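Here is how the chains run, residue by residue.
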Amino acid sequence: MRNAFADELLKIALEDPKVVMLSGDIGNRLFDKFKEQAPERFFNCGVAEANLIGVAAGLAMDGLRPVAYTIVPFITARCLEQIRVDLCYHNLPVTVVGVGGGLSYASLGGTHHACEDLAMLRCLPEMDVYAPADAMEVRGCLRSALSNDSPAYVRIGKKREPVFHKSVPDCRPGGSVQLKPGADAVLLACGNILPVVMEAAERLASQGIEAAVHSAYGVKPLDDALLTRAFRDYPVVATVEEHTLLGGYGSAVAEWLADRPDPAAARARLLRMGTGDSFLHEAGSQAHARRRFGLTPKAIGERVEQALAQSRDAVGA
């Protein structure tokens, strides 16, 4: 994902001279081409993320389109006040890009785990939030963010994520993309957990359960049309994310459901899956961390099967 981000950002910058890149002292080799072709528009702000956001705000006030980039916890939690006051309060068109969303940097320990960022950023006024699932969605979401005159947060993975799209989708705030049709349940995958969700859908299919899969890259705003169809047409709607259940994508969907003018129109049960309300006090691979939080194809499939069985029992009763 990060290679796709660097490549797409350079393409956009060559099209639009207002685009500038700010880095938090990472990815220097990643942006070699950018520095070669647009050296006057690359700024390494060092390990000073609060200052980085302030600089981005100043550049935006001067009519530029800054993109601020570093590892998720450092570009969100470390400088949340600056994002809130410098960017969102003034409604400035700065795109904040966090690399290593969720448990991508699991091996580096708790300081680099990023399971609270969606909750923090989606509660800020004026902020659009994207969580692309593969390299193609990264390109589409970046273009969407840079085409709107408001702050945006784009949460990406790290590297070697499977690519599911043959071309760049036409992304928009509050968008989603269907990856697999199905009539029995719908799985809404948020961000780089999509490969696990696709495998869970394959496991369910082997059990005779056809689950639709959507990449729900639009975290704020939500895809109202998708959710309306999902809760109307399916008995089980499952959200899956590499993020805490407190305030993440699943919480946003639950809020959407609670605010429906006619709750009776929704026949589905909402099933939310994500990381727990606890830190992972150990280092290991991303796959290991996912197992610890129950985010595996087997665990996801079993929970969907159980929810479907309970739904059928309730209808029978």
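In what follows, the structure referred to is the one given above.
Cut-offs applied
- Residues numbered from 1 in each chain as written.
- Predicted model: local features only at pLDDT ≥ 70, side-chain atom pairs only at ≥ 80, totals over all residues.
- Heavy atoms only, no water.
- Helix = DSSP H or I, 4+ residues; strand = E, 2+ residues; numbered from the N terminus.
- Expected span 1.5 Å × (residues − 1).
- Buried < 20%, exposed > 50% of the residue type's maximum accessible area, 1.4 Å probe, protein only.
- Polar contact = N/O pair within 3.5 Å; in protein donor to acceptor, adjacent residues only side chain to side chain.
- Salt bridge = Lys/Arg side-chain N within 4 Å of Asp/Glu carboxyl O.
- Pairing = 2+ DSSP bridges.
- Axes fitted to C-alpha atoms, helices over the stretch in contact; angles between N-to-C directions.
- Contact = heavy atoms within 4.5 Å.

## Topic: helix α7 (residues 135-147)
Phase 1 of the analysis: Given a rise of 1.5 Å per residue, 13 residues ought to cover 18 Å, and the 19 Å separating the end C-alpha atoms of α7 matches this to within 8%.
Phase 2 of the analysis: Of all 13 residues in α7, eleven are buried; the element is thus mostly enclosed.
Phase 3 of the analysis: What α7 keeps buried is the set A135, M136, E137, V138, R139, G140, C141, L142, S144, A145 and L146.
Phase 4 of the analysis: The N-cap of α7, judged by a side-chain oxygen 3.2 Å from the amide nitrogen of M136 a few residues on, is D134.

## Considering the pattern of salt bridges
Phase 1 of the analysis: Inspection of the entire model under this criterion finds 18 salt bridges.
Phase 2 of the analysis: E40 serves as the salt-bridge partner of R41, at 3.7 Å between the closest nitrogen and oxygen.
Phase 3 of the analysis: R232 serves as the salt-bridge partner of D233, at 2.8 Å between the closest nitrogen and oxygen.
Phase 4 of the analysis: Residues joined in a network through salt bridges with shared partners are D7, E8, K11, E15, R139 and R143.

## Regarding the pairing of strand β4 (residues 95-99)
Phase 1 of the analysis: With five of its five residues buried, β4 lies for the most part within the structure.
Phase 2 of the analysis: Burial of β4 is two-sided: the residues T95, V97 and V99 facing one way and the residues V96 and G98 facing the other way are all buried.
Phase 3 of the analysis: Looking at chain direction, strand β3 (residues 65-71) and β4 are connected through five bridges and run parallel. Within β4, the position partnered with Y69 by the bridge is V97.
Phase 4 of the analysis: Examined bridge by bridge, β4 and strand β6 (residues 152-155) share four bridges and lie parallel to one another. Within β6, the position partnered with G98 by the bridge is R155.

## Some points on the sheet that holds β4
Phase 1 of the analysis: Ordered in space as β2-β1-β3-β4-β6-β5-β10, the seven strands form an open sheet in which the pairing is mixed. With one partner strand each, in any of the chains shown, β2 (42-44) and β10 (218-220) form the two edges of the open sheet. Direction aside, neighbouring strands of the sheet carry axes that sit 20° apart on average.
Phase 2 of the analysis: Bridge count for strand β5 (residues 128-130) against β6 is three bridges, and the pairing is parallel. The partner of Y130 across the bridge, within β6, is V154.
Phase 3 of the analysis: Taken strand by strand, α7 contacts β3, β4, β5 and β6, and its axis lies near 135° from that of β3.

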